[in-house]
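# Topology and contacts: notes
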Amino acid sequence: MKNNILLYTIVITALSIHGYSQKGEVTVADKKYDNYAYIDAIKTYEKVAEKKYKSADMFKKLGNSYYFNAELEKAARWYGELFAMNTIDLEPEYYFRYAQCLRSIGQNHKANDLLELFNQKSGNDSRGKIFMKNVNYLDAIKANSGRYKIEDAGINSIYSDYGTAFHANEIVFASARDTGSVGQRKHKWTNQYFTNLYTANLGENRNPGNPLQFDTHINSKFNESTPAFTKDGKTMYFTRNNYLDGKKGKDANKITLIKIYKATLENDKWSNITELPFNNDNYSTAHPTLSPDEKTLYFVSDMPGTIGQSDLFKVIIHNDKSFGTPENLGAVINTEGRETFPFVNDENEIYFASDGHPGLGGLDVFVAAINPNGTFGEIQNVGADINSPKDDFAYLIDTKSRKGFFSSNRDGGLGYDDIYKFSELKKIICQQLLYGEITDIATKEFLPNTKITLFDNHFNIVNTTLSDDKANYFFPVECGKTYYVRAQKPEYTAKEQKITIADENGKTYVPIALEDAKCKVTIGDDLGKCFNIKMIYFDLDKSNIRQEAAFDLEKILDVLNQNPTMKLDIRSHTDSRQTFKYNEALSDRRAKSTINWLIKNGVHTSRLIGKGYGETQLVNKCVDDLECTEEEHQLNRRSEFIITDL
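Quick summary incoming for the structure in this document. Just so it is clear, the model here is predicted, and its values are computed rather than measured.

## Side note on the overall build of the protein chain
What the protein chain contains, in helices and strands, is 12 helices and 35 strands. In terms of its C-alpha atoms, the protein chain occupies a principal-axis envelope of roughly 105 × 80 × 45 Å. Considering the protein chain as a whole, with its 646 residues, one finds that 51% of them fall into the buried category. For the protein chain, restricting intrachain contacts to residue pairs at least 6 apart in sequence, the fraction spanning at least 24 positions comes to 56%.

## What to know about the packing of aromatic side chains
Counted by the stated rule, this structure contains 36 aromatic pairs. Measuring from ring centre to ring centre gives 6.5 Å for Tyr237 and Phe323, while their planes differ by 85 degrees; the resulting arrangement is edge-to-face. Of the two residues, Tyr237 sits in strand β9 (residues 235-241) while Phe323 sits in the loop between β16 (311-316) and β17 (327-328), which places them 86 residues apart along the sequence. A single burial state applies to Tyr237 and to Phe323, both of which are buried. Judged by centre distance (4.3 Å) and plane angle (15 degrees), the ring pair of Tyr351 and Tyr395 falls under stacked. One end of the pair, Tyr351, is in strand β19 (residues 349-354); the other, Tyr395, is in strand β22 (residues 392-398), and 44 residues separate them in sequence. Judged on exposure class, the residue Tyr351 and its partner Tyr395 are both buried. Taken together, the ring pairs connect Tyr148, Tyr351, Tyr395, Phe406, Tyr420 and Phe422 into an aromatic cluster.

## A word on the packing of helix α10 (residues 547-562) against helix α11 (residues 580-600)
Contact pair α10 / α11: the axes reach a minimum separation of 10 Å and the direction vectors enclose 55 degrees. By the angle class used here, α10 and α11 are oblique. Regarding α10 and α11, the two cross each other, and that crossing is right-handed. Contacts between α10 and α11 involve Ala550, Leu553, Glu554, Leu557 and Leu560 from the former and Thr594, Trp597 and Leu598 from the latter. Partitioning the contact of α10 with α11 into residue classes produces six nonpolar, one polar and one charged.

Calculation notes
- Residues numbered from 1 in each chain as written.
- Predicted model: local features only at pLDDT ≥ 70, side-chain atom pairs only at ≥ 80, totals over all residues.
- Heavy atoms only, no water.
- Helix = DSSP H or I, 4+ residues; strand = E, 2+ residues; numbered from the N terminus.
- Buried < 20%, exposed > 50% of the residue type's maximum accessible area, 1.4 Å probe, protein only.
- Contact = heavy atoms within 4.5 Å.
- Phe/Tyr/Trp six-rings, centres within 6.5 Å; stacked < 30°, edge-to-face > 60°.
- Axes fitted to C-alpha atoms, helices over the stretch in contact; angles between N-to-C directions.
- Parallel < 35°, antiparallel > 145°, perpendicular 65-115°, else oblique.
- Left-handed = near helix turned anticlockwise from the far one by under 90°.
- Nonpolar A, V, L, I, M, F, W, Y, C, P; charged D, E, K, R; others polar.

Structural data, given as structure tokens:
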């Protein structure tokens with residue numbers, strides 16, 4: 001028995017020593033992980049994991065190390081080990097990352113199940129909400145696929161090559177192929193050599209020639225990448241580690257981040273390298289691209305105000321070449337994930353890479369139209385030709401030839417990242433031309449200089465124009481969407497038409513015939529009756545102007561602008577359902593909100609008065625305690641625009 005006890009003690013002691021040894025190795029790996037040396041950390045973590053050591057924290061970091069290096073298949077293995085431990089209160093982000101990794105290996109059903117759990121656990125995270133609104137996202141991706149012919153660009157190395165930009169008749173891109181320079185080092189994050197900029201001439205059919213180093217004044221011993229050039233070729237913006245004039249900057253954790261720099265071409269040499277004024281040692285800015293008019297710079301950052309891990313921003317470039325204040329592109333574009341590598345073409349479309357919008361795994365390329373008012377159209381995945389289960393990013397297209405380049409670490413490539421060339425065979429955004437002419441309904445006479453306003457189905461203004469000298473109007477519109485067209489001309493009654501555009505390219509003809517203004521008003525009349533405005537709509541128990549209300553109020557505004565001496569008494573009424581005092585206060589707030597909207601849109605305060613009358617002026621029998629239909633109550637919920645002076 002003593003021998004058995006002694007043997008047991010020896011075994012326990014050996015196991016304890018072995019356990020302490022593994023914990024010690026994990027501690028060493030943790031330090032490497034914390035310093036972003038993910039490749040070194042992986043080696044130690046995997047060595048320990050293969051010895052059957054299990055730790056939720058280790059599996060998180062091991063999975064993350066592969067995830068942050070875009071090796072999603074390997075990340076899936078270790079996230080799988082993490083989930084197999086049934087860890088309680090696992091952070092929601094790991095549900096999202098594991099789902100992304102499962103997508104990359106084709107396990108979409110399991111990935112979708114995890115995304116549903118992610119949405120439940122994450123609360124307000126937009127990635128979960130976007131997924132739940134687009135559960136059939138794979139159908140949309142399939143519909144957008146088959147539009148490209150894709151080939152290897154012919155300029156790749158066995159190292160990392162990515163991020164192209166057009167410069168004159170060349171492309172400029174980043175590459176880690178320069179491995180022979182004195183002092184050339186590897187980045188601990190990726191175990192890849194630091195990148196320099198390279199250039200290649202574009203021959204016939206936009207095919208690149210042999211790559212050469214771009215410029216020794218730009219390339220440094222740290223990373224350079226993702227340039228953007230002005231049309232005259234004399235100014236460039238580019239990404240580089242925080243390094244200028246031989247000095248390396250670091251953040252509070254002693255980490256060298258990345259910044260955007262500017263350079264100018266003088267005597268065929270790039271010089272005057274300066275960092276942009278909104279850079280900061282404590283956050284990154286990267287991947288610049290210019291708007292078609294070169295008055296706006298778009299870029300990526302994790303600066304304060306960022307929604308996710310990285311967001312797209314824009315900043316105004318003033319005429320004196322100074323910069324405004326960076327502005328986040330907002331939650332339509334940005335998610336709690338990564339949005340990166342923006343590109344804006346001369347058709348005002350923004351392409352970007354994201355792992356927050358529904359895709360095939362890793363980063364996918366998306367596109368959205370930039371509307372004239374700065375808002376964005378529908379965000380669409382560009383399809384499974386460009387996108388793959390791995391990271392796909394840095395999309396670039398010449399809109400004249402419909403040829404371009406993108407970068408990917410997809411299977412079958414030559415290096416860590418590779419550049420692919422493509423020909424776009426069909427545009428993603430199905431467009432139609434909405435057109436027609438404006439006439440007098442009685443005389444058939446053409447009515448030039450008629451104001452035409454295009455609204456979307458939420459009554460937001462999309463575009464405004466005047467009918468030309470032949471009374472024609474034209475609007476580019478998107479297929480399958482619903483619009484409202486309003487025609488307005490002095491001495492005529494404004495008219496709107498609702499149109500749903502067909503789901504195919506083509507034209508939609510919508511002529512509009514206006515009636516001579518039959519509604520001749522005088523003092524004491526209700527101007528609203530001319531336009532059949534019975535009620536200005538508000539949300540339940542609220543007094544803020546809704547889009548539907550603004551849609552009708554613009555008709556009143558137009559008449560006031562045409563008749564600068566007209567004055568109005570704006571009256572708001574309710575039905576009897578609620579207390580007398582409540583109805584009086586609510587209707588008064590609504591009347592004042594209506595007045596304030598008109599004032600905000602240019603009407604002088606001296607021309608407007610108004611108040612709420614609550615339930616004091618019912619137009620039917622529907623008093624308290626008397627049963628009425630909803631239609632009868634609706635008659636009492638009304639707005640009036642009484643003319644007090646002409």
